[in-house]
Amino acid sequence: MAAPCRNCGATKTEPVRPNLRQKLARQFGYDLRKCARCRKIRLLRRRQPAGEPAVEPAQVTAESQPETTVYDPDGFNGCPRCGEASFHRSRRGWLEREVLRSPPMVRCSACGYRFPAPQM
């Protein structure tokens, strides 16, 4: 549960749209949220999922890294980086959609890599 808001005292928060501030907050271990009552932006410390110990960068070994696979555009064989077949649609901004005319994009659920949507 979140700490009470300093402005209005509410404890309920709502998500904010993904942007640079949210990504920066995530890198430092915080979630960027907004107060449900007064809409003030709040930083909340992210929690580790229960039962999962924190993995330090020094503990990551070559064996725990996923193997890279070759992307076959004719037959979808998963994510170009990790080979996982699970993915979800990713938002495209105005620049990508109107100016660059990039195809619809998807993001891998396992590694977070963003790539063009496969034609199914």
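It should be emphasised that the depicted structure is a prediction, and the values quoted were computed from it without experimental measurement.

Under the criterion given, the structure shown has two aromatic pairs. Aromatic side chains Phe87 and Phe115 sit 6.3 Å apart centroid to centroid with 65° between the ring planes, which places their arrangement in the edge-to-face category. Here Phe115 lies in strand S6 (residues 114-116) and Phe87 lies in strand S4 (residues 87-90), a separation of 28 residues in the sequence. Under the relative-accessibility criterion, Phe115 is labelled buried at 3%.

To continue, consider the nonpolar core. Counting five residues, the largest nonpolar core is built from Cys79, Cys82, Val106, Cys108 and Phe115. When residues no more than four places from it in sequence are discounted, the contact partners of Cys108 are Cys79, Cys82, Glu84, Ser86, Phe87, Tyr113 and Phe115.

So, about the environment of Arg91. Within the secondary structure, Arg91 is located in the loop between S4 and helix H2 (94-99). Separated by 13 residues in sequence, Arg91 and Pro104 have C-alpha atoms that sit 8.4 Å apart. What Arg91 contacts, discounting residues up to four positions off in sequence, is Arg17, Pro18, Glu96 and Arg114.

Counting through the fold element by element, Gln22 comes out in helix H1 (residues 20-27). Classification of Gln22 as buried rests on a relative accessible area of 16%.

Spatially, three strands are ordered S4-S5-S6 in an open sheet, and the strand pairing comes out antiparallel. Two strands close off the open sheet at either side, each with one partner strand: S4 and S6. The sheet shows a mean angle of 40° between the axes of neighbouring strands, direction not considered. With three bridges connecting them, strand S5 (residues 105-108) and S6 associate as antiparallel partners. Bridge pairing in S6 places Met105 opposite Pro116.

Looking now at unusual backbone geometry. With a phi angle near 65°, Arg39 is a residue other than glycine that sits in the positive phi range. As for its placement among the helices and strands, Arg39 is situated in the loop between strand S2 (30-35) and strand S3 (41-45). Its identity as a non-glycine residue notwithstanding, Arg101 has a phi of 55°, on the positive side. As for its placement among the helices and strands, Arg101 is situated in the loop between H2 and S5. For Arg101, a relative accessible area of 64% puts it in the exposed group.

Reading the values: rules and limits
- Residues numbered from 1 in each chain as written.
- Predicted model: local features only at pLDDT ≥ 70, side-chain atom pairs only at ≥ 80, totals over all residues.
- Heavy atoms only, no water.
- Phe/Tyr/Trp six-rings, centres within 6.5 Å; stacked < 30°, edge-to-face > 60°.
- Helix = DSSP H or I, 4+ residues; strand = E, 2+ residues; numbered from the N terminus.
- Buried < 20%, exposed > 50% of the residue type's maximum accessible area, 1.4 Å probe, protein only.
- Core = buried A, V, L, I, M, F, W, Y, C linked by side-chain atoms within 4.5 Å.
- Contact = heavy atoms within 4.5 Å.
- Pairing = 2+ DSSP bridges.
- Axes fitted to C-alpha atoms, helices over the stretch in contact; angles between N-to-C directions.

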